[in-house]
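Results of the structural survey
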Amino acid sequence: ESFALKLRAVMREDPNVIMIGEIRDVDTAKTALQAALTGHLVLSTFHATDSAAAISRMLDMIGQNPLFASSVRLIIAQRLVRRICPACVVEKTITPEQGLWVKDQLSRIPEARRPNVHAETKLKYSKGCPECHGIGYKGRIAVLEMMVINPEIEALMTRAEKTTSQDIGAAAIKGGMTTLIEDGIHKALDGTTTLEEVMRIGETVET
């Protein structure tokens, strides 16, 4: 008996909320869509590099479907970065290379939202101590991206021609979404994590 069949059996019990561990095939995706369209709150996980890529991957999986756009309300993407050890924290001036990377990553962000990064900007690091076993990090924190599906994104999801994750991401940023990298840079600038940690996750996020 397939997972999709079991999910349909769950729906017959008329739950208010359905939690699907992971959407990984077409049948599960379509069943989750049907559940959302009949008034259920459906929560699930889905593998993608960021929230915009999740939409384009799902469209590739189930095809252009106008009902999909009306059923999805929120997509949250997250990555874990290591937190700076507070017991041995030190400050260093940002390098020219780091400054250029930050400015390049934030080039899609409206100028009014960009943090003021300049040649004298200070970044925090940990030099390593017994408290963190010499690693320089202690614990982890989530870097988050929350995409609320607005009318512009819905229109992109239902248009006849293929929708790219870049188009969706641009519409979400225009609507006020803080991207994964933007959130990570803010956490590096406020001393929660290091810029190297943010650059590490930046290598795997589509731009």
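The present account deals with the structure reproduced in this document. (Residues numbered from 1 in each chain as written. Predicted model: local features only at pLDDT ≥ 70, side-chain atom pairs only at ≥ 80, totals over all residues. Heavy atoms only, no water.)

Regarding helix α1 (residues 3-11)
Cut-off, in case you're wondering: Exposure is judged per residue with a 1.4 Å probe applied to protein chains only, and the accessible area is read against the type maximum: over 50% gives exposed, under 20% gives buried, and values in between give partly exposed. By definition, any uninterrupted DSSP run of H or I lasting at least four residues is a helix, any uninterrupted run of E lasting at least two residues is a strand, and each is numbered from the N terminus. The arc under discussion is defined with respect to the helix axis, by the directions toward the C-beta atoms.
The complete set of buried residues in α1 reads Ala4, Leu7 and Met11. The arc that holds the buried residues of α1, viewed along the axis, is 55°, so those residues lie on one side.

Some points on the nonpolar core
What counts, and what does not: What makes a nonpolar core is a set of buried Ala, Val, Leu, Ile, Met, Phe, Trp, Tyr and Cys residues whose side-chain atoms join them at distances within 4.5 Å. Only heavy atoms matter for contacts: two residues are in contact if any of them lie within 4.5 Å across the pair.
Grouped together as the largest cluster of nonpolar side chains are 50 residues, with contacts concentrated most on Ile55, Phe68, Met147, Ile153 and Leu195. Of all the elements, helix α3 (residues 51-62) adds the most residues to this core, at seven residues. Excluding anything up to four places from it in sequence, Phe68 contacts Leu33, Ile55, Met58, Leu59, Ile62 and Met157.

Remarks on the side chain of Thr179
Keep this limit in mind: Here a polar contact means two N or O atoms within 3.5 Å. Within protein one must be a hydrogen donor candidate and the other an acceptor candidate, and residues neighboring in sequence count only if both atoms are side-chain atoms.
Within the element layout of this structure, Thr179 appears in the loop between α7 (165-174) and α8 (180-189). From its side chain, Thr179 meets the backbone nitrogen of Glu182 in a polar contact 3.0 Å long. Contacts of Thr179, omitting those with residues within four sequence positions, involve Arg108, Ile109, Leu144, Glu145 and Ile173.

Some thoughts on the pattern of salt bridges
So the rule is basically this: The working definition used for a salt bridge is a side-chain nitrogen of Lys or Arg within 4 Å of a carboxyl oxygen of Asp or Glu.
A complete count under the given rule lists ten salt bridges for this structure. A salt bridge links Glu182 to Arg113; its shortest N-O distance comes to 2.7 Å. On the criterion of sequence distance, the pair formed by Glu182 in helix α8 and Arg113 in the loop between α5 (96-105) and β5 (122-126) is long-range, its members being 69 residues apart. Relative accessible area serves as the criterion here: at 3%, Glu182 is assigned to the buried category. Two residues, Asp167 and Arg159, come together in a salt bridge whose shortest N-O distance is 2.7 Å. Under the relative-accessibility criterion, Arg159 is labelled partly exposed at 22%. Overlapping salt bridges bring together Arg82, Glu197 and Arg200 as one network.

Side note on the packing of α3 against α7
Using the following cut-off: To define axes, lines are fitted to C-alpha atoms, for helices over the stretch in contact only, and angles between the resulting N-to-C directions are given on a 0 to 180 degree scale. Angle categories: roughly parallel below 35 degrees, roughly antiparallel above 145, roughly perpendicular from 65 to 115, and oblique for all the rest. Two helices cross in a left-handed way if the nearer one is turned anticlockwise from the farther one by less than a right angle. They cross in a right-handed way if the turn is clockwise. In this count, Pro and Cys sit with the nonpolar residues alongside Ala, Val, Leu, Ile, Met, Phe, Trp and Tyr, while Asp, Glu, Lys and Arg are called charged and the others, Gly among them, polar.
For the pair α3 and α7, interaxial distance at closest approach is 8 Å and the crossing angle is 135°. Comparing their axes, α7 and α3 come out oblique. The interaxial crossing formed by α3 with α7 has right-handed handedness. Between α3, through Ala52, Ala53, Ile55 and Ser56, and α7, the contact on the second element is made entirely by Ser165, Ile168 and Gly169. Considering only residue class, the contact of α3 with α7 consists of four nonpolar, three polar and no charged.

Observations regarding the packing of aromatic side chains
Working definition: an aromatic ring pair is given by the centre-to-centre distance plus the angle between the planes. How we decide: Within 6.5 Å between ring centres, the rings of Phe, Tyr and Trp (the latter by its six-membered ring) count as paired, and their orientation is classed by plane angle as stacked under 30 degrees, edge-to-face over 60, tilted in between. To sit over a ring, a charge needs its Lys NZ or Arg CZ within 6 Å of the ring centre and within 35 degrees of the ring normal.
Enumeration according to the criterion identifies zero aromatic pairs in this entry. Of note, Lys92 hangs over the ring of Tyr125, and the distance from its end group to the ring centre comes to 5.2 Å.

Examining the side chain of Gln98
Within the secondary structure, Gln98 is located in helix α5. Within the local environment of Gln98, its side chain forms a polar contact with the side chain of Glu196, the two groups lying 3.0 Å apart.

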